[in-house]
Amino acid sequence: MKTRNCISVFINILLIFNNVCGEEKNGALEDNTKSIFGNTKGIIAAYGDFNADQNTDVFVINPAGTSGVSPEISILIWQSSEPHLIHKSELVLKRPVEEVITSVVPGDYDGDSKMDVLVTVKNATELFEKTASTAVYVYWGNLNQFVSDVPTVVSKDMMADQPLVMDYNADMIPDIFGVNHAGERALWMTSPSTPRSFSMVPLPEQQQGDTIRIPHSNAFLDLTSDYATDIFITTDTKFEVWVNKLTDGGGYTKQEEYSLPENLVFPEKKIFFGQSAFTDIDADGTIDHLLPVCFDEQCRESAIFQRKKTWVKIIDFTHMSVHGEKLGFVPPGAGLSEYADLPITMSIGDFNTDRYPDLMIVMRTQNDTRRVVLLNNQDGNHFAPVVRMGALGEIQNPIIASFVDISDNIMLDMFVVSQQGPTSTPELHAVKNNFIVDAYFIRVQVLSGLCFTGCPGFASGRYPYGVNQPGPTVHYETTGTTGNKELSTGAQLSQSAYYSLQIPSVFMGLGQNPNFVDTVTTAIPTNNSEIRSKDTNSIIPNSILIVIPLPPTHPASWDVKLLITPGQSVFLTAGALLGTCLFVAMVIGLLHLKERRQDEKEKRQESHRFHFDAM
């Protein structure tokens, strides 16, 4: 009993020492811009591994300037030395001066397991016109450069708005969903007869519906918890949920539609709502629909609603303040930036890995000062603004904020774009997350599964990690420290339009639970009655799982690669174990020495004893 108590004291001393040493930095958000970005100009548009080196690269829009400079997209490639994200001239995509780039969606659009880039553009004079058409192009990638051909025009007649990239027919090649020039919902799919071309397929009459809202927040994810990916559509008056019928040949049917919360209908007020977001906000295994709402035209009164079976207001900013300042959403429009159409958007990520996804939003104070606000999700039913935001709170006039897992470390960092005025040059900022806690995570990335070894065009030993795949579902279940079941669900790349800025994997916190994760289930879209899912059991915390669904139709054959990312607590545990072993070895040595001395003493006493038998 004494030995066990000594060991416990020793471990507690190590824990106290660790907390004292990390106290100054714990929880601080540190400016890391100089070590990340070589060039700090531009607008972050998307994330993806373009050159398939298992590192996240960043797609940046450099808007046209007043001097007639052409707008362009730069792909910043990750490297191990500083600055970590470098500009490469051969990875720059230029557009005509009269255009503005509205979105960038990386993906493998021809099925060669190499990342391509979809680009949407509008006429610069019509950026904020809802009725103006959108042109869509695809630049074909070849790992380290683009093919010399001109980009492919996806639709000759252009589209009504930015499309949603999804996998409608479950062939693991992204399809493009949008509205054609006639106002019909349609798909643009890779043509099987002509390489690197697209054909438009209008959806059947039973899959048409009301006019899709501009800007929309359509999504492709599992909303019914059956591991079959569904389609979420935003219209002018309501929301539609189209579920996979799970029949041979695939197809979707409308399961439900619902309108705005009833208590938001005020005839005397003009109500605004922003981009819908989706996450398992309360860690119950079901993905929730979140909706930011403005009660007035200037967004002085703002709130966030959650949809389960009914609408519930989970955050009311009229009763929340940061440093004594009341907050509201930033109204969209040209007054924010003339280079980007930015609706009200929420970035979602578990920055402190406590199992409950947090929110990061660009907001405005009552004196019209913009700032990034980080809302800590406390047990899924209460949100509180993070007061100690360090470098994140010091960024002036932000317009975009997103979570990013840029270096595959154990915490989510943040990228922010700021713009001092509507026509000034956008600036990039990187904020490092130094939050230190005994909490754990898993990160899951699902690839296309079209090939993995021996892929055409890949050098020996090089694998197609760099493909952004929309639609996979990730679900985990484990046993918590209290013995209760803990679970959560996430979706990979569920949205693609209007600067959704989702990372190409699913990052999920586990909280302070060092136990093995009992089961991680990954599922991909399906076009028949068979659910395509695979269970992986007994996963070590702080692991990165790379799921290779090859072939996609046979989940039992899928390969799962496990990468361990040791956190500080792992080293602390190792130190405690080593110290315990040394302590036990010392105790054993002392006892052994004591026993030898006792034996020698008994031998000396035996030698001096008088033996009567010898007389």
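Residues numbered from 1 in each chain as written. Predicted model: local features only at pLDDT ≥ 70, side-chain atom pairs only at ≥ 80, totals over all residues. Heavy atoms only, no water.

### Some points on empty space enclosed by the protein
Step number 1: Under the criterion given, the structure shown has four cavities of 30 Å³ or more.
Step number 2: The space that makes up the largest cavity amounts to roughly 680 Å³.
Step number 3: Within the residue set of the lining of the largest cavity, elements represented by two or more residues are strand 19 (277-279), strand 25 (347-349), strand 34 (485-491) and strand 35 (506-511).
Step number 4: Its residues assigned to classes, the lining of the largest cavity shows 18 nonpolar, 20 polar and three charged. (1 Å grid on protein atoms, 1.4 Å probe; cavity = no way out; pocket = protein on both sides within 12 Å on 5 of 7 lines; lining within 4 Å. Points joined across faces, edges and corners; volume = space filled by probe spheres on them. Helix = DSSP H or I, 4+ residues; strand = E, 2+ residues; numbered from the N terminus. Nonpolar A, V, L, I, M, F, W, Y, C, P; charged D, E, K, R; others polar.)

### Description of the packing of aromatic side chains
Step number 1: Considering all chains together, one arrives at 17 aromatic pairs under this definition.
Step number 2: Aromatic pair Phe 441 and Phe 507: ring centres 5.1 Å apart, planes at 10 degrees, arrangement stacked. Taken together, the positions of Phe 441 in strand 32 (residues 440-446) and Phe 507 in strand 35 put the pair 66 residues apart, joining distant regions of the chain. Exposure class is identical for Phe 441 and Phe 507. Each is buried.
Step number 3: One aromatic cluster in this structure is built from Phe 232, Phe 239, Tyr 258, Phe 273, Phe 278 and Trp 311. (Phe/Tyr/Trp six-rings, centres within 6.5 Å; stacked < 30°, edge-to-face > 60°. Buried < 20%, exposed > 50% of the residue type's maximum accessible area, 1.4 Å probe, protein only.)

### Regarding the state of the cysteines
Step number 1: Going through the model one piece at a time under the given rule, you end up with two disulfides.
Step number 2: Here Cys 294 is linked by a disulfide to Cys 299, with a sulfur-sulfur distance of 2.0 Å. Torsion about the S-S bond of the Cys 294 and Cys 299 cystine: about 95 degrees, corresponding to right-handed handedness. The exposure classification of Cys 294 matches that of Cys 299, with both residues buried. (Disulfide = S-S within 2.5 Å.)

### Comments concerning the pattern of salt bridges
Step number 1: Within this structure, the stated rule accounts for 20 salt bridges.
Step number 2: Glu 72 is the partner of Lys 94 in a salt bridge, and the nearest nitrogen-oxygen pair spans 2.6 Å. A residue pair is termed long-range when its members are at least 10 positions apart, and Lys 94 in strand 5 (residues 85-94) and Glu 72 in strand 4 (residues 72-78) qualify at 22 residues.
Step number 3: Assessed through its relative accessible area of 16%, Glu 72 is described here as buried. (Salt bridge = Lys/Arg side-chain N within 4 Å of Asp/Glu carboxyl O.)

### Considering the layout of surface pockets
Step number 1: Of the volumes computed, that of the largest pocket is approximately 520 Å³.
Step number 2: In terms of lining, the largest pocket is formed by 22 residues, of which the most central are Lys 130, Arg 213, Pro 215, Phe 272 and Pro 332.
Step number 3: Considering only residue class, the lining of the largest pocket consists of 13 nonpolar, three polar and six charged.

### A look at the nonpolar core
Step number 1: Counting residues in hydrophobic clusters, the biggest one holds 64 residues, and the most contacted among them are Leu 374, Leu 392 and Phe 415.
Step number 2: Among the nonpolar cores identified, the runner-up in size contains 20 residues, and Val 322, Met 363, Val 373 and Phe 383 belong to it. (Core = buried A, V, L, I, M, F, W, Y, C linked by side-chain atoms within 4.5 Å.)

### Considerations on the pairing of strand 27 (residues 370-378)
Step number 1: Strand 27 sits mainly inside the fold: eight of its nine residues count as buried.
Step number 2: The pairing of strand 26 (residues 358-365) with strand 27 spans six bridges and is antiparallel. Bridge pairing in strand 27 places Leu 359 opposite Leu 375.
Step number 3: Counted along the chain from strand 26 to the antiparallel partner strand 27, the turn is four residues long, and its residue Asp 368 has a positive phi close to 70 degrees.
Step number 4: Sheet analysis places strand 27 next to strand 28 (residues 382-385), joined by four bridges and oriented antiparallel. In the strand pairing of strand 28, Asn 377 is matched with Phe 383.
Step number 5: Counting the residues in the hairpin turn of strand 27 and strand 28 gives three residues, including Asp 379, whose phi is positive at 65 degrees. (Pairing = 2+ DSSP bridges.)

### Quick look at a negative patch on the surface
Step number 1: A contiguous patch of negative charge, built from Glu 595, Asp 599, Glu 600 and Glu 602, is present on the exposed surface.
Step number 2: Assignment of secondary structure puts Glu 595 in helix 3 (residues 568-607). (Patch = residues over 30% accessible without salt bridge, like charges linked within 9 Å, V, L, I, M, F, W, Y side chains within 5 Å. Areas by Shrake-Rupley, 256 points an atom, 1.4 Å probe, with all protein chains shown as cover. Lys, Arg positive; Asp, Glu negative; His and termini not counted. Charge placed at Lys NZ, Arg CZ, Asp CG, Glu CD.)

### Side note on the sheet that holds strand 17 (residues 252-259)
Step number 1: With antiparallel pairing, the four strands of this open sheet are ordered in space as 14-15-16-17. Each end of this open sheet is capped by a strand with a single partner; those strands are strand 14 (219-221) and strand 17. Ignoring strand direction, the axes of neighbouring strands in this sheet form an average angle of 20 degrees.
Step number 2: Here strand 16 (residues 238-244) runs beside strand 17; their pairing, made up of seven bridges, is antiparallel. Counted as the bridge partner of Glu 240 is Glu 257 from strand 17. (Axes fitted to C-alpha atoms, helices over the stretch in contact; angles between N-to-C directions.)

### A word on the confidence of the model for the protein
Interpretation of the predicted coordinates at a detailed level should be avoided for regions scoring low in pLDDT.
Step number 1: Averaged over every residue, the pLDDT of the protein is 87; the share at 70 or more is 90%.
Step number 2: Confidence drops under a pLDDT of 50 for residues 1-25, and excluding neighbours within four residues, the segment shows 20 contacts in the predicted structure. (pLDDT = per-residue confidence, 0-100. Contact = heavy atoms within 4.5 Å.)

### Digging into the environment of Leu 187
Step number 1: Relative to the helices and strands, Leu 187 is located in strand 12 (residues 185-190).
Step number 2: The exposure class of Leu 187 is buried, given its relative accessible area of 1%.
Step number 3: Separated by 11 residues in the primary sequence, Leu 187 and Phe 198 place their C-alpha atoms 9.5 Å from one another.
Step number 4: Ignoring any residue separated from it by four or fewer positions in sequence, one finds Leu 187 in contact with Met 166, Tyr 168, Ile 176, Phe 177, Ser 199, Met 200, Val 201 and Leu 203.

### A look at the sheet that holds strand 4
Step number 1: Read from one edge to the other, the open sheet built from four strands follows the order 2-3-4-5, with strand pairing classed as antiparallel. In the strand order of this sheet, the two ends are held by strand 2 (43-48) and strand 5, each with one partner. Recorded for the sheet is a direction-independent mean angle of 30 degrees between the axes of neighbouring strands.
Step number 2: Strand direction decides the pairing type here: strand 3 (residues 57-62) and strand 4, joined by five bridges, are antiparallel. By the bridge assignment, Ile 61 is partnered in strand 4 with Ile 73.

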